[in-house]
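Given next are the chains, with one letter for each unit.
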Amino acid sequence: MRRPPMLIQVQIHGQEKRFPIWVPLFLLLPLALLLLIILSPLILVAIIVLRLTGREGQLSPGVSTSLGILCSVRRIKAALDVLFSMPGLRVDVRNRNERIYVSII
Amino acid sequence: MAENQKKILEMLANKKISVDEAYRLLSALKAEGGAPASSAEAGTTGKPGPKYLRVSIQPGSGHEHDDDVDRVNVRVPLSLIRSGMKLTSLLPPEARDKVTGALHEKGIDFDMRNLKPEDLDEVIEALNDLEVDIASNKDVVKVFVEQ
């Protein structure tokens, strides 16, 4: 069974500094969802205004893609699919003095 | 075993067809069956499919001090590759053109518009047999899939 990511573990070790952090996604994702629901009327208005004024093409590809994702069920499904596929991703790069470790659990 | 495969083997046993012809017919049958046949096969053997693509770069034997070199270990879930590739089909055309142009500039002649989900499943299935192992004095690079 697929589940959303629960935690992101990030460790950045330098020669003198250590920066370990655990990001509790299981707490942040519901908050992000709530924020999205609250902001969705504003996003909808912004999309309509941009389309009517013909300024949609002037947006950067990143913003344009984000708005596109938000206004299509198919795209929301695809974005959620990516999110739900993330548990298990692990990147570990290290040498004697430094280490960068990212793990999505 | 499928009925058609049995018939081909019977024809071979009765010397109605040659070994080459039987091989060609079986290959054609397998190609016709495609992914569903192979997944059914996987189901009967009970062998779970690969879950992760692993890339590992470790220091080779040529390094005097192992600590001086970088070590890389990356594990990417195959489902993430699959859904990420599907996401590319949802990119706006202008963003897709930019990506295609950037790839072309780097000498990679690849158009994302040609990527279809059915091709993708075939590629992921083919990863089952993938194992790249490059060993030199400097580095040992391994790319493989794991359960």
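As the structure is a computational prediction, the values presented were derived from the model and not from experiment.

Reading the values: rules and limits
Residues numbered from 1 in each chain as written. Chains lettered and ligands numbered in written order. Predicted model: local features only at pLDDT ≥ 70, side-chain atom pairs only at ≥ 80, totals over all residues. Helix = DSSP H or I, 4+ residues; strand = E, 2+ residues; numbered from the N terminus. Buried ≥ 20, exposed ≤ 12 C-beta atoms within 10 Å, placed from the backbone. Contact = placed C-beta atoms within 7 Å. Pairing = 2+ DSSP bridges. Nonpolar A, V, L, I, M, F, W, Y, C, P; charged D, E, K, R; others polar. Axes fitted to C-alpha atoms, helices over the stretch in contact; angles between N-to-C directions. Bend = angle between axes of the 7 residues up to and from the residue. Parallel < 35°, antiparallel > 145°, perpendicular 65-115°, else oblique. Left-handed = near helix turned anticlockwise from the far one by under 90°. pLDDT = per-residue confidence, 0-100.

Chemist: Help me understand the overall build of chain B, please; the structure alone is not making it clear to me.
Modeler: The number of helices and strands found in chain B is five helices and four strands. Reading chain B from its N end, one meets helices and strands in the order α-α-β-β-α-α-α-β-β. Sorting the 147 residues of chain B into buried and exposed places 3% on the buried side. Excluding contacts between residues fewer than 6 apart, the proportion of contacts in chain B whose partners are at least 24 apart in sequence is 58%.

Chemist: What is the right way to read the overall build of chain A from this model?
Modeler: Across its full length, chain A holds three helices and four strands. Traced from its N-terminal end to its C-terminal end, chain A shows the element sequence β-β-α-α-α-β-β. For chain A, long-range pairs separated by at least 24 residues make up 48% of all intrachain contacts whose partners lie at least 6 apart in sequence.

Chemist: Explain the pairing of strand β2 (residues 18–24) of chain A to me, please; I cannot follow it from the model alone.
Modeler: Residues and elements named next belong to chain A. Judged by how many residues are buried, β2 sits mostly at the surface: zero of seven residues are covered. With seven bridges connecting them, strand β1 (residues 7–13) and β2 associate as antiparallel partners. Paired with H13 across the strands is R18, a residue of β2. In textbook terms, the turn of a hairpin is the stretch between consecutive antiparallel strands, and for β1 and β2 this stretch comprises four residues.

Chemist: I keep staring at the interface of chain B and chain A and nothing clicks. Help me out?
Modeler: Many authors give the size of an interface as the accessible area that is lost as the parts come together. The interface is formed by 24 residues belonging to chain B together with 19 residues belonging to chain A. Contributing elements (two or more residues each) for the side of chain B that touches chain A: β2 (71–77), α3 (78–88) and α4 (93–105) of chain B. The element best represented in the side of chain B that touches chain A is β2 of chain B, accounting for seven residues. Classifying every residue of the side of chain B that touches chain A gives 12 nonpolar, four polar and eight charged.

Chemist: I tried to follow the sheet that holds β2 of chain B on my own but got confused; where do I start?
Modeler: What holds strands together in a sheet is hydrogen bonding between their backbones, with the strands either parallel or antiparallel. Taken in spatial order, the eight strands line up as β2(A)-β1(A)-β4(A)-β3(A)-β2(B)-β1(B)-β4(B)-β3(B) in an open sheet, and their pairing is antiparallel. Unpaired on one side and paired on the other, β2 of chain A together with β3 (131–135) of chain B mark the two borders of the sheet. On average, each strand axis in the sheet is inclined to that of its neighbour by 5°, with strand direction left out of account. With five bridges connecting them, strand β3 (residues 90–94) of chain A and β2 of chain B associate as antiparallel partners. If you follow R90 of chain A over to β2 of chain B, its bridge partner there is R75 of chain B.

Chemist: What exactly am I supposed to notice about helix α1 (residues 25–53) of chain A here?
Modeler: Count 3.6 residues to each turn of an α-helix, and residues three or four apart come out pointing the same way. All names here are of chain A. Considering bend angle alone, the principal kink of α1 is centred on L39 and spans about 50°; proline P41 follows within four residues of it. Where burial is concerned, little of α1 is hidden: zero out of the 29 residues are buried. G54, located one to two residues past α1, shows a positive phi value of around 70°.

Chemist: I would appreciate a short explanation of the environment of P93 of chain B in the present structure.
Modeler: For P93 of chain B, the position within the fold is in helix α4. For the pair formed by P93 of chain B and R113 of chain B, sequence separation is 20 residues and the distance between their alpha carbons is 9.2 Å.

Chemist: I keep staring at the packing of helix α3 (residues 73–84) of chain A against α3 of chain B and nothing clicks. Help me out?
Modeler: Each pair of packed helices can be described by the angle between their axes along with the distance between the axes. Running from N to C, α3 of chain A and α3 of chain B cross one another at 155°; their axes reach a closest spacing of 8 Å. Considering the angle they form, α3 of chain A stands roughly antiparallel to α3 of chain B. α3 of chain A and α3 of chain B meet at a crossing whose hand is left-handed. Between α3 of chain A and α3 of chain B, the residues in contact are A78, D81 and V82 of chain A and L80, S83, G84, K86 and L87 of chain B, respectively. Of the residues contributing to the contact of α3 of chain A with α3 of chain B, the split by class is four nonpolar, two polar and two charged.

Chemist: Help me understand the confidence of the model for chain B, please; the structure alone is not making it clear to me.
Modeler: All names here are of chain B. Averaged over chain B, the pLDDT score is 76; the fraction of residues at 70 or greater is 82%. Between the elements of chain B, mean pLDDT differs from a low of 60, seen in helix α2 (residues 19–45), to a high of 93, seen in β2. Below pLDDT 50 for its whole length, residues 34–44 participates in seven contacts with residues either more than four positions away or in separate chains. Of the two predicted TM-score estimates for the complex, the pTM is 0.64 and the ipTM is 0.72.

Chemist: When you look at the pairing of β1 of chain A in this model, what are you seeing that I'm missing?
Modeler: Every regular strand shows the same layout, with side chains that alternate between the two sheet faces. Both β1 of chain A and strand β4 (residues 99–104) of chain A contribute to a ladder of six bridges, which runs antiparallel. Bridging across to β4 of chain A, H13 of chain A finds its partner in R99 of chain A.

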